[in-house]
Amino acid sequence: MKHKFLVLKFAFSIFFIGMLSCTQDAVVKPNQLTISEGFENPMGFYNSKPTFSWKLPTSKHVKFQSAYQIVVASSEDLLPNNPDIWDSKKQESSQSTFVNYQGSELQSRQKVYWQVKYWNQDNEPSEWSEINHFELGLLKNSDWKAHWVGLDTAKDSIKGVRNFLMHRPQYLRKEFELNNQVESARLYITAKGVFDVHLNGQGVSDDVLPPGWTPYSHRIETLTYNVTNLLESGQNTLAVELASGWHSGRISRGKALYENFASPKILCQLEVTFKDGTKSTIVSDASWKGTTNGPIRLAGLYDGEVYDANLEMPKWKTNAFDDSSWKSVETENIVDSVKLEPKRHETVKTTAVLEDAEIVSATESSVVFDMKQNMVGVPKVQVPMKKGDTLSIRFSEMLLSDGTFYTENYRSAKSTDYYIAAQDGIIEYTPKFTFHGFQFVEISGFDASVSPNSNWIKGLVQHSDFEKNGTFTSSHKKLNQLQSNITWGLRGNLLDIPTDCPQRDERLGWTGDAQVISPTAMFNYDTHAFWTAWLQSMRETQTEHDDGLIPFIVPDVLQRNKASSGWGDACVIIPWDIYNITGDKTVLEANFEMAKKWVGYYQTNTKDYIPNTHSFADWLQPYPEKDGKIGNRGDTPRLFVNTAYFAHSAHLVSKIAGVLGKTDDQKKYNALYKAIAAAFEEKFFDENGKFKNKKQTQTSYLLAIYFDLLKPETKVNAQKHLLEEIKKADNHLGTGFLGTPILPKVLDDMGEIDLMYKILFKETYPSWFYSINQGATTMWERWNSYSKAKGYNPQSMNSLNHYAYGAVGQWMYERIAGLAALEPGYKKLRIAPKPNTDFLTAASASVNTPYGEASSSWKIENGIFYLETVIPPNTTAEVVIPYGKIDNLSVNGRLFEESANLKIENSDAELVKIIANPGTYKFQINYN
Ligand code: BGC
């Protein structure tokens with residue numbers, strides 16, 4: 001009996017274990033479902049023709065996808081079996097990213113549910129994924145019943161810096177009644193200006209400076225908020241604070257733009273669905289009331305904010321307020337020519353708080369705080385004050401040698417906030433409608449009887465709210481500081497649009513700066529949607545009348561009607577970079593016509609293939625021949641730069657046409673590129689591959705080589721001349737904005753990686769570490785913005801937070817850590833670190849690729865090279881072990897042998913090249 005029981009128990013456990021391993025064996029469902037440029041369950045979505053992406057799980061049963069099926073329905077209950085919107089049916093395809101939706105066009109407000117399954121390499125189906133959803137925003141102007149409303153603040157505006165008009169910020173409110181139980185409610189809202197909206201006294205969102213900056217005379221982005229839980233049956237109050245922002249502020253320069261400094265306005269439509277199915281809509285219209293007598297007296301992006309607590313209006317955001325003394329608003333119709341479209345990338349938010357300020361100096365009346373990091377955003381101030389006193393809050397990026405503020409580089413930007421106290425005690429204040437670029441904060445006007453405390457100031461870091469996308473670290477402290485400076489430079493300058501700098505009277509969407517930094521930005525942050533949104537603004541800004549001119553900056557508030565080579569080419573280069581990093585073809589489709597028109601702009605201004613257009617050339621190259629402003633353009637001649645970029649853009653347009661299957665254009669632009677290259681070589685290079693110019697520059701060789709503009713024999717010689725130039729500079733870089741990002745790529749292609757290491761690790765001017773040695777915590781505009789020995793660069797154009805030179809970050813990921821995309825979107829990866837033990841013993845990088853996390857991490861210890869790498873599902877990788885002793889190679893603790901997952905592609909005395917399937921591998925090689 002006992003024995004029988006034991007046998008039974010044994011049989012039961014076998015069955016149970018079998019069951020368990022059966023579930024473990026199942027092909028696990030896909031995860032991380034997103035639509036278009038990486039949106040997860042968005043509300044107020046912008047695109048009626050989205051694409052779908054998902055990730056395969058990391059599992060030994062899932063290496064590749066052989067097929068997929070997507071189902072889309074109007075309700076969760078219909079999935080997966082009765083999808084009433086679209087069923088892709090089983091598609092034999094490995095594509096798991098950016099699959100086009102092919103159902104009928106989606107409509108404004110539509111709520112859509114979707115899920116996906118895949119079949120693995122053995123044609124085994126997965127479970128269906130979780131159900132994801134999205135809801136569209138108001139896609140067309142005709143969806144809006146609201147009017148633009150606001151007070152006429154232009155009438156009694158104030159003259160500010162350089163006599164620019166400053167509008168008084170407005171407080172707008174509307175009370176309304178809901179006589180029914182609310183089922184759901186959406187608030188659609190935007191502004192010509194920037195706003196903060198409240199419902200029944202509660203903030204609707206934590207967005208900073210919405211709706212952000214677009215070319216307002218073409219398009220204004222709208223926001224959608226779910227306000228179901230903020231509404232009450234009975235009386236309700238909508239309350240909006242409104243300020244000039246980009247639209248009506250000095251940053252827009254007040255030229256004949258944006259209706260000539262028109263007064264800010266809001267547009268707002270609250271759509272409520274009740275439990276009984278009826279609906280009600282509250283819109284901005286003539287019934288709204290407004291005042292300019294609220295506490296925010298003035299607010300400008302460049303100049304700061306003035307807040308008078310004596311004018312606070314308690315309860316004005318709630319029902320318990322009498323607005324009978326407020327004015328009626330003026331109204332304005334929406335017009336067809338200005339498109340209202342849902343915001344297509346993340347809003348700006350406060351993403352971090354620096355809480356570790358240090359007091360660096362104090363007098364009886366003022367204190368200076370060091371945030372220990374050059375940052376962008378606003379301070380949160382908690383300071384004791386006396387009634388009636390004015391606190392002034394000043395900012396600077398660095399101090400002068402006597403400890404006072406260096407603010408010359410803010411130029412005309414006042415960048416100062418003021419707070420007027422209404423009573424004695426600790427005040428708490430965070431400016432709302434401005435932002436500053438700073439490391440140091442000086443306050444004066446506080447209660448001098450209290451001794452200053454370092455917790456009086458916190459730093460709210462603000463930028464577009466993208467996720468982190470990658471990490472890079474190494475065994476070298478200064479290299480890690482460089483990575484930190486690069487990422488802080490990005491956070492500081494990706495504030496709704498890509499800006500040149502965050503602190504002076506500029507903060508504009510300079511296209512050249514963006515062009516050089518976008519790949520590095522995409523390694524570090526998930527900025528796919530950010531860039532594609534800005535590219536839409538670029539398309540809207542490209543001029544028709546001048547055959548495709550792309551202005552220097554987007555949005556174009558300078559209106560100079562000029563373009564620059566290396567800057568306007570952003571319209572070709574950025575889409576191409578985005579495609580290569582994400583694999584998303586829609587970015588090429590959307591921007592192809594713009595790119596062609598830009599090449600056309602060169603063509604119409606060309607004689608014998610040499611465009612005679614304007615150029616900032618190799619901006620801020622070190623040691624220019626001429627001094628001062630003229631020298632800012634460096635020594636690589638304008639016509640040279642124009643022709644090189646003309647050829648490069650034509651070449652990329654040909655490649656883009658190839659990807660899009662437009663064979664005629666592919667051939668046509670390839671022929672054009674070849675013709676320009678021939679003319680370029682003829683005009684600028686002699687038969688020995690030498691640049692025909694008295695002044696030789698590194699950048700002239702770099703552009704010619706990287707853009708592939710020389711015949712093979714000329715190129716070999718040009719490479720020698722480049723090396724000579726670098727040698728003459730004692731292994732220092734000699735490049736400005738255009739040459740710097742391609743310097744590592746060219747030297748890498750030439751097999752001169754060790755030289756690139758030497759240049760990168762140089763401590764003396766000009767070099768990346770030079771600014772670090774002078775105390776930089778962000779990238780600087782100039783290689784010599786400041787030095788301990790000589791102080792600040794005498795030119796006031798001297799930003800200490802300018803990201804262009806951070807473009808080396810891409811190479812740090814791709815080559816120092818060794819993680820790169822070999823095919824668009826990382827469908828194939830290259831893991832090929834190139835160590836140089838003179839400088840480093842370890843480096844690693846990880847990137848959240850469209851297929852999942854990939855990483856490459858190496859170290860060298862006691863003559864052994866260790867490489868650990870993660871290759872995500874549905875990709876393959878070329879892994880290059882940078883040592884050739886294949887007999888000494890082991891993987892995952894065993895001597896290396898080829899397997900289904902690891903195949904040798906080739907090996908020689910220098911390296912072993914392996915093709916690897918998805919998985920985690922630990923390679924190890926004794927290279928001695
Ligand atoms: C900006 C740049 C920009 C340059 C063009 C400067 O004022 O700050 O970064 O690219 O002008 O020359």
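Basis of the calculations
- Residues numbered from 1 in each chain as written.
- Predicted model: local features only at pLDDT ≥ 70, side-chain atom pairs only at ≥ 80, totals over all residues.
- Heavy atoms only, no water.
- Helix = DSSP H or I, 4+ residues; strand = E, 2+ residues; numbered from the N terminus.
- Rg over C-alpha atoms; globule rule 2.2 N^0.38 Å.
- Buried < 20%, exposed > 50% of the residue type's maximum accessible area, 1.4 Å probe, protein only.
- Contact = heavy atoms within 4.5 Å.
- Areas by Shrake-Rupley, 256 points an atom, 1.4 Å probe, with all protein chains shown as cover.
- Lys, Arg positive; Asp, Glu negative; His and termini not counted.
- Charge placed at Lys NZ, Arg CZ, Asp CG, Glu CD.
- Domains from an automatic or database assignment.
- Core = buried A, V, L, I, M, F, W, Y, C linked by side-chain atoms within 4.5 Å.
- Pairing = 2+ DSSP bridges.
- Axes fitted to C-alpha atoms, helices over the stretch in contact; angles between N-to-C directions.
- Parallel < 35°, antiparallel > 145°, perpendicular 65-115°, else oblique.
- Left-handed = near helix turned anticlockwise from the far one by under 90°.
- Nonpolar A, V, L, I, M, F, W, Y, C, P; charged D, E, K, R; others polar.
- Salt bridge = Lys/Arg side-chain N within 4 Å of Asp/Glu carboxyl O.
- Polar contact = N/O pair within 3.5 Å; in protein donor to acceptor, adjacent residues only side chain to side chain.

So, about the overall build of the chain. Check the secondary structure of the chain and you find 16 helices and 54 strands. A compact globule built from 928 residues would reach a C-alpha radius of gyration of about 30 Å, and the chain, at 30 Å, matches this within 12%. Over its C-alpha atoms, taken along the principal directions, the chain stretches across nearly 95 × 85 × 60 Å. A burial count over the chain gives 61% of its 928 residues as buried. Excluding contacts between residues fewer than 6 apart, the proportion of contacts in the chain whose partners are at least 24 apart in sequence is 74%. Carbon together with sulfur atoms contributes 47% to the accessible area of the chain, which is approximately 36200 Å² in total. Taking the average place of the 97 positive charges on the side chains of the chain and the average place of its 108 negative ones, the gap between the two points comes to 2 Å.

Here we take up unusual backbone geometry. Omega for the peptide link from Leu 79 to Pro 80 comes to 0 degrees, which places this bond in the cis form. Note that Pro 80 resides in the loop between strand 4 (65-73) and strand 5 (86-87). Between Val 554 and Pro 555 the backbone carries a cis peptide bond, its omega angle lying at -10 degrees. Of note, Pro 555 is situated in the loop between helix 5 (528-541) and helix 6 (570-582). In the Ramachandran plot, Gln 32 falls in the positive-phi region, its phi being about 50 degrees despite a non-glycine side chain. If you trace the backbone, Gln 32 turns up in strand 1 (residues 31-35). The exposure class of Gln 32 is partly exposed, given its relative accessible area of 47%.

Here the domain parsing of the chain yields domain 1 (25-136), domain 2 (141-345), domain 3 (349-464), domain 4 (509-754) and domain 5 (818-926). Centre-to-centre separation of domain 3 and domain 5, based on C-alpha positions: 48 Å.

Let us look at the nonpolar core. Core analysis: the largest hydrophobic core is formed by 208 residues, its most contacted members being Ile 443, Leu 482, Trp 531, Trp 768 and Phe 923. Looking at which element gives the most residues to this core, the answer is helix 9 (residues 638-659), with 11 residues. Beyond its immediate stretch of four places on either side in the chain, Leu 482 contacts Leu 760, Trp 768, Phe 769, Ile 772, Met 779, Val 808 and Met 812. Formed by 30 residues, the second largest nonpolar core is a distinct cluster that contains Ile 189, Phe 195, Phe 274 and Val 329.

The next subject is the pairing of strand 30 (residues 390-396). The side chains of a regular strand alternate, first on one face of the sheet and then on the other. Where burial is concerned, most of strand 30 is hidden: five out of the seven residues are buried. As paired elements, strand 30 and strand 33 (residues 416-420) share five bridges and run antiparallel to each other. Looking across to strand 33, one finds that Ile 393 is bridged to Asp 417. Bridging between strand 30 and strand 35 (residues 436-444) involves five bridges; their strand directions are antiparallel. For Ser 392, the partnering residue across the bridge sits in strand 35 and is Ser 444.

Next up on the list: the sheet that holds strand 49 (residues 876-881). Reading across from one edge, 44-45-49-53-52 is the order of the five strands in this open sheet, with mixed pairing throughout. Two strands bound the open sheet, and with one partner strand each, they are strand 44 (819-821) and strand 52 (902-907). On average, adjacent strands in this sheet sit at an angle of 20 degrees to one another, irrespective of strand direction. Here strand 52 pairs with strand 53 (residues 912-916) via five bridges, running antiparallel.

Another aspect to go through is the packing of helix 6 against helix 9. Contact pair helix 6 / helix 9: the axes reach a minimum separation of 10 Å and the direction vectors enclose 40 degrees. Taken together, the axes of helix 6 and helix 9 are oblique relative to one another. Between helix 6 and helix 9 lies a crossing whose hand is left-handed. Taken together, the residues of helix 9 that come into contact with helix 6 (itself represented by Val 572, Ile 573, Trp 576 and Tyr 579) are Tyr 645, His 648, Ser 649, Leu 652, Val 653, Lys 655, Ile 656 and Val 659. Of the residues that constitute the contact of helix 6 with helix 9, the class distribution is nine nonpolar, two polar and one charged.

To continue, consider the pattern of salt bridges. If the charged atoms of two oppositely charged side chains come close together, the side chains can form a pair. All told, the structure shown has 41 salt bridges when counted by the stated rule. Between Glu 271 and Arg 109 there is a salt bridge, with the nearest N and O atoms lying 2.6 Å from each other. Highlighted residues: Glu 271 in strand 19 (residues 265-274) and Arg 109 in the loop between strand 7 (99-100) and strand 8 (111-120), separated in sequence by 162 residues. Using a relative accessible area of 34% as the deciding quantity, one classes Arg 109 as partly exposed. Between Arg 186 and Glu 135 there is a salt bridge, with its nearest N and O atoms 2.6 Å apart. Taken together, the residues Arg 186 in strand 14 (residues 182-192) and Glu 135 in strand 9 (residues 132-136) connect sequence positions 51 residues apart. A residue is classified by how much of its surface remains accessible, and Arg 186, at 12% relative accessible area, is buried.

What follows covers the packing of helix 9 against helix 10 (residues 663-684). Two elements in contact, helix 9 and helix 10, have axes whose closest approach is 8 Å; the angle formed by their N-to-C orientations is 160 degrees. In terms of orientation, helix 9 lies roughly antiparallel with respect to helix 10. As for how helix 9 packs across helix 10, the hand of that crossing is left-handed. Along its contact with helix 9, which presents Leu 639, Phe 640, Thr 643, Ala 644, Phe 646, Ala 647, Ala 650, His 651, Val 653, Ser 654, Ala 657 and Gly 658, the element helix 10 presents Asp 665, Gln 666, Tyr 669, Asn 670, Leu 672, Tyr 673, Ile 676, Phe 680 and Phe 684. Here the contact of helix 9 with helix 10 is built from residues that sort into 14 nonpolar, six polar and one charged.

A separate point is the side chain of His 167. Within the fold, His 167 resides in the loop between strand 12 (165-166) and strand 13 (170-178). Separated by 2.8 Å, the side chains of His 167 and Thr 153 make a polar contact.

With that settled, the discussion passes to the side chain of Thr 237. Inspection of the secondary structure puts Thr 237 in strand 18 (residues 234-243). Thr 237 gets classed as buried once you look at its relative accessible area, which sits at 0%. Engagement of the side chain of Thr 237 in a polar contact is seen with the backbone oxygen of Thr 318, the distance being 3.4 Å. The contact partners of Thr 237, leaving out residues within four places of it in the chain, are Arg 173, Lys 174, Glu 175, Phe 176, His 198, Leu 199, Asn 200, Trp 316, Lys 317, Thr 318 and Asn 319.

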